[in-house]
Amino acid sequence: MFNVNDIKNGITFVLDGQIYQVIEFLHVKPGKGPAFIRTKIKNLRTGATIEKTFNTNIKLEKAMIEKQNMQFLYASGDTYTFMNMETYEQMELTKDQIGDDVNYLKDGLDVDLTFYKGELLGISLPEKVSLKVTSTEPAVKGNTTNNAMKDATLETGFVVKVPLFIEQDEEIIVSTKDGKYVSRA
């Protein structure tokens, strides 16, 4: 148990039988009335993000999340296989369990699988991943509007907007938080 005043970004807790992670929070002290804490929290089972307000006298149960580092091996249909590089134990996840994170999975990528009391909650990706551009339109000469972007299909099948100078077969870095182009690799 911890006092809601001690809340921090990234902390996990149990509320109404669900497991949540704090994305952001704000201590609010209005001119009248008691202080409260406004939070944006993510349900780790469903992936849904909600906003919730807590009074400052509330105590929450801390959720002990276990992380297991694994490497992505391969995909077969809608099944994705990961391996623990220390024990060589393999684990298969479905596309539903991984969600949109499947757009960033390439062979050999290290990820963390998150568990709560033995229940698999999902995967945690690195903040940025390097992916190869498999196809993109060539840059059109004279198209020099500010920040002109074009579509590029990556090795995972994910389509991302990239600057005009990016060519096919280049490696680029993509943010796993928002799915946007960051830079050349």
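Since the model is a prediction, treat every value here as computed from it, not as a measurement. For every chain, the first residue of its written sequence is number 1, and the numbers climb from 1 along that sequence. In keeping with the model being predicted, local features are shown solely for residues with a pLDDT of at least 70 and side-chain atom pairs are shown and tallied solely at 80 or more, while totals for entire chains, interfaces and linings include all residues. In computing side-chain properties, one takes all heavy atoms of the structure into account and sets aside hydrogens as well as water.

A. The arrangement of the sheet that holds strand β16 (residues 181-184) in detail. Within the open sheet, the five strands sit side by side as β14-β13-β12-β15-β16. Their pairing is antiparallel. Either end of the sheet is taken by a strand with one partner, and the two such strands are β14 (159-163) and β16. Looking at each pair of strands side by side, their axes are set apart by 50° on average, direction ignored. When DSSP locates at least two bridges between a pair of strands, those strands are taken to pair. Secondary structure elements are defined from DSSP: runs of H or I of at least 4 residues count as helices, runs of E of at least 2 residues count as strands, and each element is numbered from the N terminus. Pairing geometry for strand β12 (residues 128-136) and strand β13 (residues 149-154), over three bridges, is antiparallel. Looking across to β13, one finds that Val133 is bridged to Leu154. Inter-axis angles, ranging from 0 to 180 degrees, are taken between N-to-C directions of lines fitted to C-alpha atoms, where helices are fitted over the stretch in contact.

B. Main features of the nonpolar core. The set of buried Ala, Val, Leu, Ile, Met, Phe, Trp, Tyr and Cys residues whose side-chain atoms join them within 4.5 Å is what this entry labels a nonpolar core. Only protein chains enter the accessibility calculation, which uses a 1.4 Å probe. A residue is then buried if its area is under 20% of the maximum for its type, exposed if over 50%, and partly exposed in between. Membership of the largest hydrophobic core comes to 27 residues, with the highest contact counts inside it found for Phe82, Ile98, Leu105, Leu113, Leu154 and Ile172. If you list the elements that add at least two residues to this core, you get β7 (65-76), β8 (79-83), β10 (110-116), β12, β13, β14 and β15 (171-175). Only heavy atoms matter for contacts: two residues are in contact if any of them lie within 4.5 Å across the pair. Those residues in contact with Ile172 that lie beyond four places of it in its chain are Val129, Ser130, Leu131, Val133, Leu154, Val160, Val162, Ile166, Tyr181, Ser183, Arg184 and Ala185.

C. View of the pattern of salt bridges. A side-chain nitrogen of Lys or Arg and a carboxyl oxygen of Asp or Glu constitute a salt bridge if their distance falls within 4 Å. Across all of its chains, the model carries three salt bridges by this definition. Across the pair Arg45 and Glu119 runs a salt bridge whose closest N-O atoms are separated by 2.8 Å. Of this pair, Arg45 sits in the loop between β4 (36-43) and β5 (49-55) while Glu119 sits in strand β11 (residues 119-124), and the two are 74 residues apart along the sequence. The exposure class of Arg45 is partly exposed, given its relative accessible area of 34%.

D. Structural detail: the pairing of strand β6 (residues 59-62). Summarising the sheet, strand β1 (residues 2-3) and β6 pair through two bridges and their orientation is antiparallel. Bridging across to β6, Phe2 finds its partner in Leu60. Bridge count between strand β2 (residues 12-15) and β6: two bridges; the pairing is antiparallel. Bridging across to β6, Phe13 finds its partner in Lys62.

E. Structural context of the sheet that holds β6. Read from one edge to the other, the open sheet built from six strands follows the order β1-β6-β2-β3-β4-β5, with strand pairing classed as antiparallel. The two strands at the open ends of the sheet, each matched to only one other strand, are β1 and β5. Across four bridges, β2 lies against strand β3 (residues 18-28) in antiparallel orientation. Bridge assignment links Val14 to a residue of β3, and that residue is Ile19.

F. A look at the environment of Ala148. Residue placement: Ala148 occurs in the loop between β12 and β13. With a relative accessible area of 15%, Ala148 lands in the buried category. On a C-alpha basis, the gap between Ala148 and Phe82 in space is 38 Å, while along the polypeptide they are 66 residues apart.

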